[in-house]
Amino acid sequence: MTNTFLKYAFFVIALIGSYGCPTKNNDSFNGFKFIGALIVFRHGARGPLSPLRNLNQINCNQMQSQAFKQYTTFLKDFITAGHFEKFEGPFLSYPALPLSSKCSLNDLTSLGVSQLISVGKLAGQRISQSSNISEISLKAFSTRYRRTVQSLWAFLYGFIGENNMSSMQVNVQQNQAVTYCEPYCKCDLASQLESRHDLMLTKLLGPAEKSTLKRMAHILYGTEGAKNVGTRHVKDGILTHICHNITLPCSVSDKCINNADIATAQSFLTKESRATLSSKTFKQMALLKAYGIIQRIMQFGVNSLGAHKKSESPMFFVYSGHDMTLEPLLSTLSVYGGVPPSFATNLLVEYYVDGNFEVFLKFVFNAEEVTENVAYCDDLPCSLYRFKSNYENGLKHVFGTSNFLNICNKHFEKIP
């Protein structure tokens, strides 16, 4: 492995993320009853967004963990026995596993499958501390992309476990919007804020950085391909190589991406992350883009309480999404470091009820409890009632009102 791989392993960390160990329930929830949970995650590692110059020479599926091999064997038998249909839902025509032994654009890789199996196992271990996995009411959502659908199936395999796969009933649904924003997707102000933020990031790029990134783009994508790619694609191309243990490329004229190039890219990405983290415009945009999924999180608590009062099984909802799903949500909750969420990043929200039928929330980010750091949780345990009240007050403080339609009809310059 080259020095570039060792010295700049941060790219691998940024791609793979961390899973940690399943944390145990803290003392503030002793005596409370578990009534449900939901999880939102980004899909696992995938192929590049745009055609790399040497794409046909890259094998994104050479890294096959024991968990991946076991899953592949199990899945073939599971499909043959006719048990897989209930997991397919509206995705009957989708392949259960990554198609190519090489590297397909945008498609999940064997590493991505392994990541979501791991996330599923950790979530299952955690939930099993409070409830019998085989008895929960399970509902799963995915966007229409193969990488999110296959990530969902890998997660369910890890979460449910082989022994329960054939007996569990799963309601699988397709979601149109990548942010799970329905019915709050259209918002003119959010679009204005996003354009303003993108312009700010563009201005961060200095002449030397621009020259280096342009040269890296040429090496990664070829002269023609580089015309239509930006800094995001340069990072994406580098990650495709490093994550899958492939030597960084050289051009036909033997100009190679080297340590200095990677250092320049790292420096710019760090600058970009810091600017995003401190950007008022970004935080306002994130509040609006996350509005729909925040409503789902709060409504799930209400529905879980209703099911509990009827002595029904705890509910568990799964949302398989993208970095664009998690980034505004994590920013809104103040669980965000300015860096776009890595592959397999996940947020688990658990719901509990006390003897007075008041619902409380627990937030677990990448297997680590973060409730005390979450915005709108002003005390522990975190009451759903207080969370909702604080959230609406937060909207009023930023936009002058908590009414979503009224906010979205505002012009950028008229925000308080």
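Please refer to the structure higher up on the page.
From a predicted model like this one, the values you see are computed outputs, not experimental measurements. (Residues numbered from 1 in each chain as written. Predicted model: local features only at pLDDT ≥ 70, side-chain atom pairs only at ≥ 80, totals over all residues. Heavy atoms only, no water.)

Some remarks on the pairing of strand β6 (residues 359-365)
Here is step 1: The buried fraction of β6 is high, at 6 of 7 residues.
Here is step 2: With 7 bridges joining them, strand β5 (residues 346-353) and β6 adopt antiparallel strand pairing. Following the sheet pairing, V349 is matched in β6 by F363.
Here is step 3: Hairpin remark: β5 followed by β6, antiparallel, with 5 residues in the connecting loop; positive phi at F357, about 60 degrees.
Here is step 4: Note: β6 against strand β8 (residues 382-383), 2 bridges, orientation antiparallel. Within β8, the residue paired with F360 across the bridge is S383. (Buried < 20%, exposed > 50% of the residue type's maximum accessible area, 1.4 Å probe, protein only. Helix = DSSP H or I, 4+ residues; strand = E, 2+ residues; numbered from the N terminus. Pairing = 2+ DSSP bridges.)

Comments concerning the environment of V252
Here is step 1: Along the chain, V252 turns up in the loop between α10 (231-243) and α11 (259-277).
Here is step 2: Assessed through its relative accessible area of 81%, V252 is described here as exposed.

Re the environment of Q57
Here is step 1: Among the secondary structure elements, Q57 is positioned in the loop between β1 (33-42) and α3 (66-80).
Here is step 2: The exposure class assigned to Q57 is exposed, which follows from its relative accessible area of 62%.

Here's the deal with the packing of aromatic side chains
Here is step 1: Summed over the entire model, instances satisfying the criterion amount to 26 aromatic pairs.
Here is step 2: Plain terms: the ring middles of F41 and F155 are 5.1 Å apart, the flat faces sit at 35 degrees to each other, and that makes the pair tilted. Taken as a pair, F41 in strand β1 and F155 in helix α6 (residues 146-160) lie far apart in primary sequence, 114 residues in all.
Here is step 3: Since its relative accessible area comes to 0%, F41 is described here as buried.
Here is step 4: Note on F155: relative accessible area 0%, which makes it buried.
Here is step 5: With centroids separated by 4.5 Å and ring planes inclined at 25 degrees, the aromatic side chains of Y291 and F404 adopt a geometry described as stacked. With Y291 in helix α13 (residues 291-309) and F404 in helix α16 (residues 404-408), the pair connects residues that are 113 residues apart, well separated along the chain.
Here is step 6: Y291 sits in the buried class, given a relative accessible area of 10%. (Phe/Tyr/Trp six-rings, centres within 6.5 Å; stacked < 30°, edge-to-face > 60°.)

Re the pattern of salt bridges
Here is step 1: The full count for this structure, using the stated rule, is 12 salt bridges.
Here is step 2: Ionic pairing is found between E209 and K271, a salt bridge with its closest N-O pair at 3.2 Å. Of the two residues, E209 sits in helix α9 (residues 207-225) while K271 sits in helix α11, which places them 62 residues apart along the sequence.
Here is step 3: The exposure class assigned to E209 is buried, which follows from its relative accessible area of 11%.
Here is step 4: As a salt-bridge pair, K388 and E392 come within 2.7 Å of each other at their nearest N and O atoms. Residue K388 and its partner E392 are both found in helix α15 (residues 384-399); the two are separated by 4 residues, about one turn of the helix. (Salt bridge = Lys/Arg side-chain N within 4 Å of Asp/Glu carboxyl O.)

Topic: the state of the cysteines
Here is step 1: If you walk through the whole model with that rule in mind, you get 5 disulfides.
Here is step 2: Note that C181 is cross-linked by a disulfide to C185, the S-S spacing being 1.9 Å. In this structure, the disulfide formed by C181 and C185 twists by about 100 degrees around the S-S bond and is classed as right-handed.
Here is step 3: The class of C185 is partly exposed, set by a relative accessible area of 40%.
Here is step 4: Here C250 pairs with C256 through a disulfide, and the sulfurs are 1.8 Å apart. (Disulfide = S-S within 2.5 Å.)

Observations regarding unusual backbone geometry
Here is step 1: The omega torsion across E182 and P183 is 0 degrees, close enough to zero to call that bond cis.
Here is step 2: Tracing the sequence through the fold places P183 in the loop between β3 (170-174) and α8 (188-204).
Here is step 3: Between L380 and P381 the backbone carries a cis peptide bond, its omega angle lying at -5 degrees.
Here is step 4: Topologically, P381 is positioned in the loop between β7 (368-369) and β8.
Here is step 5: The backbone of N366 sits at a positive phi, close to 50 degrees, despite the residue not being glycine.
Here is step 6: Relative to the assigned elements, N366 resides in the loop between β6 and β7.

Side note on α3
Here is step 1: Between its first and last C-alpha, α3 extends 22 Å over 15 residues, near the 21 Å set by a 1.5 Å rise per residue.
Here is step 2: In this structure, the buried side of α3 is in contact with α4 (85-88), α5 (110-127), α6 and α7 (162-165).
Here is step 3: Remark: G82 follows α3 within two positions and exhibits a positive phi of approximately 80 degrees. (Expected span 1.5 Å × (residues − 1). Contact = heavy atoms within 4.5 Å.)

Here we look at the side chain of S279
Here is step 1: When you line up the elements, S279 lands in the loop between α11 and α12 (280-289).
Here is step 2: The exposure class of S279 is buried, given its relative accessible area of 9%.
Here is step 3: Of the polar contacts made by the side chain of S279, one reaches the backbone nitrogen of T281; its length is 3.3 Å.
Here is step 4: Dropping the residues within four chain positions of it, S279 is found in contact with H197 and M200. (Polar contact = N/O pair within 3.5 Å; in protein donor to acceptor, adjacent residues only side chain to side chain.)

Here we look at the environment of S334
Here is step 1: Secondary-structure assignment places S334 in the loop between α14 (323-332) and β5.
Here is step 2: Residues S334 and N373, spaced 39 residues apart in sequence, show a C-alpha to C-alpha distance of 7.1 Å.

Coordinates in, geometry out; function isn't part of it.
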